[in-house]
Amino acid sequence: GDSATGYTGVYERAIGSFEVKRRAGTKTYSLGTFKTALEAAVVYADSLKRIGDAEFVLEREAEKEAKQAAKQAPKVVSHHNGRQLHLGDSATGYTGVYKTP
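The structure reproduced in this document is the subject of the present report. (Residues numbered from 1 in each chain as written. Predicted model: local features only at pLDDT ≥ 70, side-chain atom pairs only at ≥ 80, totals over all residues. Heavy atoms only, no water.)

### Structural notes on the nonpolar core
If you look at the biggest cluster of nonpolar residues, it comprises eight residues: Val10, Phe18, Val20, Leu31, Ala37, Ala40, Ala41 and Tyr44. Contacts of Ala40, omitting those with residues within four sequence positions, involve Val10, Phe18, Val20 and Phe34. (Core = buried A, V, L, I, M, F, W, Y, C linked by side-chain atoms within 4.5 Å. Buried < 20%, exposed > 50% of the residue type's maximum accessible area, 1.4 Å probe, protein only. Contact = heavy atoms within 4.5 Å.)

### Here we look at the side chain of Arg22
With respect to the helices and strands, the residue Arg22 is situated in strand S2 (residues 18–24). For Arg22, a relative accessible area of 3% gives the class buried. At a separation of 3.1 Å, a polar atom in the side chain of Arg22 contacts the main-chain carbonyl oxygen of Ser47. (Helix = DSSP H or I, 4+ residues; strand = E, 2+ residues; numbered from the N terminus. Polar contact = N/O pair within 3.5 Å; in protein donor to acceptor, adjacent residues only side chain to side chain.)

### A word on the packing of aromatic side chains
Summed over the entire model, instances satisfying the criterion amount to zero aromatic pairs. Directly above the ring of Tyr11 sits Lys21, whose terminal nitrogen or CZ lies 5.8 Å from the centroid. (Phe/Tyr/Trp six-rings, centres within 6.5 Å; stacked < 30°, edge-to-face > 60°. Lys NZ or Arg CZ within 6 Å of the ring centre and 35° of its normal.)

### Concerning a nonpolar patch on the surface
Nonpolar side chains collect at one region of the surface, where Tyr7, Leu38 and Val42 lie side by side and expose about 260 Å² of accessible area between them. On the secondary structure map, Val42 appears in helix H1 (residues 37–50). (Patch = residues over 30% accessible without salt bridge, like charges linked within 9 Å, V, L, I, M, F, W, Y side chains within 5 Å. Areas by Shrake-Rupley, 256 points an atom, 1.4 Å probe, with all protein chains shown as cover. Salt bridge = Lys/Arg side-chain N within 4 Å of Asp/Glu carboxyl O.)

### Digging into the pairing of S2
Among the seven residues of S2, five are classified as buried, and the element is accordingly described as predominantly covered. Bridge analysis of strand S1 (residues 10–12) against S2 gives three bridges, and the strand direction is antiparallel. Directly across from Tyr11, in S2, lies its bridge partner Glu19. Taking the residues that link successive antiparallel strands as the turn, the S1-S2 hairpin has five residues, and the phi of Gly16 there is positive, at about 95 degrees. Taking the residues that link successive antiparallel strands as the turn, the S2-strand S3 (residues 27–34) hairpin has two residues, and the phi of Gly25 there is positive, at about 65 degrees. (Pairing = 2+ DSSP bridges.)

This is how it looks when you write it as structure tokens:
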């Protein structure tokens with residue numbers, strides 16, 4: 001492999017977990033972190049079997065866009081009298097709801 005773990009694309013993190021990284025084109029993508037180097041190596045190998053570089057880049061970009069959209073979408077926490085209550089960033093925890101002095 002190309003790292004101290006002995007597995008290509010697998011790197012030990014300071015906290016004792018193992019991160020999988022894969023280069024495609026000019027970018028490096030993280031495929032996640034795992035408890036063991038072997039688990040991480042399997043994920044790396046599966047990523048090579050599954051798709052080529054161009055498809056890999058497109059798949060990672062689509063995942064990134066989906067995560068960003070999920071962050072921006074309001075999260076429904078509960079329903080009250082037919083209304084949806086959305087989790088938000090205000091001190092009250094709800095979108096558009098603020099505590100007044």
